[in-house]
Amino acid sequence: MTRRSFPLLRFGSRRVSASSLGFRMPAEWESHRATWLVWPHNRADWEVKTAAVEWCYAEIVRHLTDGERVAIVVQNHRVERRARRTLERCGVDLASVDIYRIPTNRSWIRDFGPLFVRRRSPAGQSQVAMTDWGFNGWAKYRAWQRDDAMPARIAGHLKMRRFEVQVKRSDGYKPMVLEGGSIDVDGQGSLLTTEECLLSPVQARNPDLSKEIIEQVLEASLGICRVLWLQGGIAGDDTHGHVDGVARFVSAGTVAAAEESNSTDPNYVVLGANAARLKQMETLQGKPLRVVPIPMPRPVYFDGQRLPASYLNFYVGNRKVLVPTFNDKNDRVALGRFAALFPTREVVGIYAGDLILGLGALHCVTQQEPD
C-alpha cells in the first residue's frame, strides 16, 4: 500500500500517522495477546438483569482464557471483589486474568476502548500500538467523559504508544469520533462500515467531516486501503447503524451477513439492501466477495422495547468463536454456519438474552489486543 501524507490530520502533537509507520489494524481472527472487557457496573444498562449479566461475562472469560489472557477493567475494589468471586465460582483460572482499576461510565469497551494496530519490524518482531479516537456517548447519552479517557489510561498501564486521532477543524485540531462497533476490517486493507452510522445527520458523530475526509482518516489511522459502505444497521440498535450487527468479515474475501426472511420485519429492507451492495463488491484482487447469509433470530423484546439481537455480534478469540444465542430456532443454524466458517476454532454459543437488554452483545463488550 502506498503511504500518503495527510495534512489535515494530527496524531497527538505530531502529524505522523500509524499507517505511515507501517501499522495496520489486524483482523479479529489474527493472534491476540489478550481480550479486554469492562466488568458490569452501571445498572442503567441492565437494570434487573445486572446480576445475570455478570454470569454471562464469567462465561465469556472462562472460554477466552482457554486460549489467551483476559484483561478486565473494574471501577473500584468493591467491583473487583465481586468480579473475582463470580469468576472463581464459574471455574475461571484467575492466573490468566489481569485486572485494572480504571473508572468508566459504562461497559461497552468495543466502542470507547482503544483500537489496536500492529506492525512487523525488519527483524520480524511484532510491535503493537493503539489508536485513540474521540467518544461522545454515541452522540446520544450525556455520561461519556470517563469512557473517552480510557484509552489513555490503558496506554499508561501497558506503556504503549498511542496515536490520538485528530482532524483539523475551523477551531483547531479536534478528535475524530469513532466507535469500534461501527467498523470491521479484514486485516488485508478493507474496512466495512455503514452510511447510517458514519454519514447520517442523526446522532452525527462528525457532522463537519465529509465522506472523503472520513475515509482518509481511517486509511491513515488503521492502515486500510478502502472503505466498503453498507446502508445501515438493525432495528433496536441505539448506536444508529453499527456494522457489527449486520455484516462482518470472517476471512479475507468472505463476509457473513445478517439475513431477514420475514418481509414484514423492519430489518427486511435494510438487510436486503446491504446484501445487494455486498454482492456488487470485490476483493482487492478484483474477485467477488463471498457472502454467507446468517439468519436473524426472531425479534427480541423487553418491556415492549425491540432489542438489537443478531448473531453477527460474535467475537473471535484465539481458540474459540463466541456467538450470542437467544433460545431461538435459528441458534443452531447460525452456530452451524459459523462452525463451517471457522473450521480451526471451536464455536461456542453464549446465551445473550440478558446481555442484549443493554442493547449490545458479545462483540460490544470485548476488545482484542494483538500480540
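Residues numbered from 1 in each chain as written. Predicted model: local features only at pLDDT ≥ 70, side-chain atom pairs only at ≥ 80, totals over all residues. Heavy atoms only, no water.

## Quick word on the side chain of S96
Put simply, the rule is: Runs of E in the DSSP output that reach at least two residues are strands. Runs of H or I that reach at least four are helices, and both are numbered from the N terminus. Here, two residues are considered to be in contact whenever any of their heavy atoms come within 4.5 Å of each other.
With respect to the secondary-structure elements, S96 resides in the loop between helix 3 (77–89) and strand 4 (97–101). Residue contacts for S96: discarding those within four places in its chain leaves T65, E68, R69 and V70.

## Looking at empty space enclosed by the protein
Using the following cut-off: Detection works on a 1 Å grid of protein atoms alone, calling trapped sets that fit a 1.4 Å probe cavities and calling open sets with protein on both sides within 12 Å along at least five of seven lines pockets, with lining residues defined by an atom within 4 Å of a point. Grid points are joined across faces, edges and corners, and a volume is the space filled by probe spheres set on the points. When residues are grouped by polarity, Ala, Val, Leu, Ile, Met, Phe, Trp, Tyr, Cys and Pro land in nonpolar, Asp, Glu, Lys and Arg in charged, and all others, Gly among them, in polar.
According to the stated counting rule, one finds 6 cavities of 30 Å³ or more in the structure shown. In this structure, the largest cavity occupies an estimated 110 Å³ of space. Surrounding the largest cavity, 14 residues form its lining, D244, G245, P308, N313 and C364 being those nearest its centre. For the lining of the largest cavity, a count of residues per class yields 6 nonpolar, 6 polar and 2 charged.

## Points about the sheet that holds strand 20 (residues 367–370)
Where strands meet in a sheet, backbone hydrogen bonds hold them as pairs that are either parallel or antiparallel. Rule in force here: Should DSSP find at least two bridges between two strands, the strands are taken to pair. A fitted line through C-alpha atoms serves as each axis, taken over the contacting stretch for helices, and the angle formed by two N-to-C directions is quoted from 0 to 180°.
Spatial ordering of the open sheet is given by 4-3-2-20, a layout of 4 strands whose pairing is mixed. Strands at the two margins of the open sheet, each flanked by one partner only, are strand 4 and strand 20. Ignoring which end each strand starts from, the neighbouring axes of this sheet average 25° apart. Across 4 bridges, strand 2 (residues 32–38) lies against strand 20 in antiparallel orientation.

## Focus on the confidence of the model for the protein chain
We apply this condition: One confidence number per residue, pLDDT, is output by the predictor and ranges from 0 to 100.
Within the protein chain, residue pLDDT values average 96, and 98% of them lie at 70 or more. Confidence scores differ between elements of the protein chain, with strand 1 (residues 9–11) showing the lowest mean pLDDT of 89 and strand 17 (residues 315–316) the highest of 99.

## Observations regarding the sheet that holds strand 13 (residues 254–259)
Here we have 3 strands laid out as an open sheet, ordered 12-13-14, and mixed in their pairing. Taken across any chain shown, the strands that pair with only one partner, and hence form the sheet edges, are strand 12 (247–251) and strand 14 (290–295). Taking each pair of neighbouring strands and ignoring which way they run, the sheet shows an average axis angle of 30°. Across the sheet, helix 9 (residues 330–341) touches strand 12, strand 13 and strand 14, and the angle it forms with strand 14 is around 155°.

## What about the packing of helix 2 (residues 50–64) against helix 3?
Basically, it comes down to this: By definition in this entry, angles of less than 35 degrees are roughly parallel, angles greater than 145 are roughly antiparallel, angles of 65 to 115 are roughly perpendicular, and the rest are oblique. Each crossing gets its handedness from the near helix: less than a right angle anticlockwise from the far helix is left-handed, clockwise is right-handed.
Relative orientation of the contacting elements helix 2 and helix 3 amounts to 60°, with a least axis distance of 9 Å. Looking at the two axes, helix 2 sits oblique to helix 3. Read as a crossing pair, helix 2 and helix 3 show a hand that is right-handed. For the pair helix 2 and helix 3, the contacting residues are E54, W55, A58 and V61 in the first and R82, T86, L87 and R89 in the second.

## Focus on the nonpolar core
Filter applied, for reference: Note on terminology: a nonpolar core comprises buried Ala, Val, Leu, Ile, Met, Phe, Trp, Tyr and Cys residues joined through side-chain atoms within 4.5 Å. Per-residue accessibility, obtained with a 1.4 Å probe over protein chains only, is compared with the maximum for each type, and a residue is labelled buried under 20%, exposed over 50%, and partly exposed between these values.
Counting residues in hydrophobic clusters, the biggest one holds 86 residues, and the most contacted among them are I60, L192, L278, F314, F338 and L355. Counting residues per element, this core draws most heavily on helix 2, which supplies 7 residues. Excluding its chain neighbours within four sequence positions, the residues that come into contact with F314 are E28, R248, F249, V250, V321, L322, V323, P324, F338, F342 and H363. Among the nonpolar cores identified, the runner-up in size contains 29 residues, and L115, I183, L191 and I213 belong to it.

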